Amino acid sequence: RKIKRAGMDYIEHVSFIRHRSWEAFMEAKQKHDPDARLILLTTKTSVDYRDFAFSSHDMLMVGRESSGVPEAVMQ
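For clarity, every value in this text was computed on a predicted model and none was experimentally measured.

**Student:** I would appreciate a short explanation of the overall build of the protein in the present structure.
**Tutor:** A tally of helices and strands in the protein yields 3 helices and 2 strands. Mapped from its N terminus to its C terminus, the protein presents α and β elements in the order α-α-β-β-α. Looking at the protein residue by residue over its 75 residues, the buried ones come to 15%. In the protein, the share of contacts with a sequence separation of at least 24, taken over all contacts with a separation of at least 6, comes to 20%. Here the protein has roughly 7,200 Å² of accessible surface; of this, 53% comes from carbon and sulfur atoms.

**Student:** What should I look at first to understand the pattern of salt bridges in this one?
**Tutor:** Close approach of charged atoms lets side chains of opposite charge pair. Taken as a whole and assessed by the stated rule, the structure comprises 2 salt bridges. Between Asp-58 and Arg-37 there is a salt bridge whose closest N-O contact spans 2.8 Å. Note that Asp-58 is positioned in the loop between β1 (38–40) and β2 (59–61) and Arg-37 in the loop between α2 (22–32) and β1, a separation of 21 residues in sequence. Judged by its relative accessible area of 35%, Arg-37 falls in the partly exposed class. As a salt-bridge pair, Arg-50 and Asp-48 come within 2.7 Å of each other at their nearest N and O atoms. Judged by relative accessible area, Arg-50 falls into the exposed class, the value being 62%.

**Student:** Mind showing me how you'd approach the side chain of Asp-58 here?
**Tutor:** Overall, Asp-58 belongs to the buried group, its relative accessible area being 13%. One polar contact links the side chain of Asp-58 to the main-chain amide nitrogen of Ser-55, over a distance of 2.7 Å. When sequence neighbours within four positions are dropped, the list of residues in contact with Asp-58 reads Arg-37, Ile-39, Phe-52 and Ala-53.

**Student:** Mind showing me how you'd approach α2 here?
**Tutor:** Each full turn of the α-helix corresponds to 3.6 residues, which orients residues three or four apart in the same direction. Buried within α2 are the following residues: Ala-24, Phe-25 and Lys-29. Buried residues of α2, seen end-on, are gathered within an arc of 135 degrees and therefore sit on one face of the element. Among the exposed residues of α2, those oriented more than 90 degrees off its buried face are Glu-23 and Lys-31. Structurally, α2 contributes buried residues whose contacts are with β1 and β2.

**Student:** What's the story with the packing of aromatic side chains in this structure? I'm lost.
**Tutor:** Geometrically, a pair of aromatic rings is defined through the distance of the ring centres and the angle of the planes. With the rule as written, the count across this model stands at 2 aromatic pairs. Ring centres of Trp-22 and Phe-25 lie 5.4 Å apart, and the angle between their planes is 35 degrees; this geometry places the pair in the tilted category. Of this pair, Trp-22 and Phe-25 both sit in helix α2, 3 residues apart, which is roughly one turn of that helix. A relative accessible area of 13% means that Phe-25 is categorised as buried. With a centroid separation of 4.8 Å and an interplanar angle of 65 degrees, the aromatic rings of Phe-52 and Phe-54 are classed as edge-to-face. Here Phe-52 falls in the partly exposed class, since its relative accessible area comes to 30%.

Parameters at a glance
Residues numbered from 1 in each chain as written. Predicted model: local features only at pLDDT ≥ 70, side-chain atom pairs only at ≥ 80, totals over all residues. Heavy atoms only, no water. Helix = DSSP H or I, 4+ residues; strand = E, 2+ residues; numbered from the N terminus. Buried < 20%, exposed > 50% of the residue type's maximum accessible area, 1.4 Å probe, protein only. Contact = heavy atoms within 4.5 Å. Areas by Shrake-Rupley, 256 points an atom, 1.4 Å probe, with all protein chains shown as cover. Salt bridge = Lys/Arg side-chain N within 4 Å of Asp/Glu carboxyl O. Polar contact = N/O pair within 3.5 Å; in protein donor to acceptor, adjacent residues only side chain to side chain. Arc of directions from axis to C-beta. Phe/Tyr/Trp six-rings, centres within 6.5 Å; stacked < 30°, edge-to-face > 60°.

Shape descriptors only; they carry no functional weight alone.
In C-alpha coordinates, the structure reads:
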(Lines give C-alpha, C1' and ligand atoms only; values in the text may rest on other atoms or scores of the structure.)
Protein backbone atom coordinates (compact mmCIF):
# COMPACT_ATOMS: atom_id res chain seq x y z
CA ARG A 1 0.00 0.00 0.00
CA LYS A 2 2.79 2.42 0.87
CA ILE A 3 4.65 1.71 -2.36
CA LYS A 4 1.51 2.19 -4.41
CA ARG A 5 0.85 5.53 -2.72
CA ALA A 6 4.46 6.66 -3.20
CA GLY A 7 4.37 5.60 -6.86
CA MET A 8 1.33 7.75 -7.54
CA ASP A 9 0.43 7.68 -11.25
CA TYR A 10 3.73 6.10 -12.29
CA ILE A 11 3.50 2.76 -10.47
CA GLU A 12 1.85 1.00 -13.42
CA HIS A 13 4.89 1.80 -15.60
CA VAL A 14 7.47 0.05 -13.44
CA SER A 15 8.18 -3.35 -12.02
CA PHE A 16 9.74 -3.75 -8.65
CA ILE A 17 11.03 -6.50 -6.40
CA ARG A 18 11.81 -6.14 -2.73
CA HIS A 19 14.97 -8.03 -1.73
CA ARG A 20 15.78 -9.23 1.76
CA SER A 21 19.18 -7.50 1.77
CA TRP A 22 21.58 -5.40 -0.26
CA GLU A 23 23.66 -8.50 -0.94
CA ALA A 24 20.60 -10.40 -2.22
CA PHE A 25 19.79 -7.49 -4.52
CA MET A 26 23.33 -7.38 -5.93
CA GLU A 27 23.29 -11.14 -6.56
CA ALA A 28 19.96 -10.88 -8.39
CA LYS A 29 21.22 -7.91 -10.44
CA GLN A 30 24.31 -9.87 -11.51
CA LYS A 31 22.17 -12.79 -12.66
CA HIS A 32 19.49 -10.68 -14.35
CA ASP A 33 21.53 -8.02 -16.13
CA PRO A 34 25.12 -7.54 -14.95
CA ASP A 35 25.59 -4.53 -17.25
CA ALA A 36 22.50 -2.66 -16.05
CA ARG A 37 23.32 0.65 -14.44
CA LEU A 38 22.07 1.28 -10.94
CA ILE A 39 20.95 4.92 -10.76
CA LEU A 40 20.49 6.42 -7.32
CA LEU A 41 17.88 9.16 -7.28
CA THR A 42 19.08 11.63 -4.67
CA THR A 43 19.04 15.28 -3.76
CA LYS A 44 22.79 15.07 -3.06
CA THR A 45 23.98 15.48 -6.64
CA SER A 46 24.96 18.23 -9.01
CA VAL A 47 23.32 16.48 -12.00
CA ASP A 48 19.71 17.39 -12.69
CA TYR A 49 17.64 14.34 -13.68
CA ARG A 50 16.37 16.29 -16.70
CA ASP A 51 19.94 16.50 -17.98
CA PHE A 52 20.74 12.82 -17.39
CA ALA A 53 20.70 10.27 -20.25
CA PHE A 54 18.61 7.41 -18.88
CA SER A 55 18.56 4.01 -20.57
CA SER A 56 15.69 1.52 -20.70
CA HIS A 57 17.91 -0.98 -18.84
CA ASP A 58 18.67 1.36 -15.94
CA MET A 59 17.58 0.37 -12.46
CA LEU A 60 16.40 3.36 -10.44
CA MET A 61 16.85 3.32 -6.70
CA VAL A 62 15.41 5.65 -4.09
CA GLY A 63 15.97 5.73 -0.39
CA ARG A 64 13.76 6.66 2.48
CA GLU A 65 12.32 10.11 2.20
CA SER A 66 13.56 10.97 5.69
CA SER A 67 17.12 9.60 5.48
CA GLY A 68 17.94 8.49 1.93
CA VAL A 69 19.95 5.34 1.38
CA PRO A 70 22.67 4.05 3.73
CA GLU A 71 26.16 5.40 3.03
CA ALA A 72 27.41 1.92 1.99
CA VAL A 73 24.73 1.77 -0.71
CA MET A 74 25.55 5.25 -1.94
CA GLN A 75 29.21 4.25 -2.36
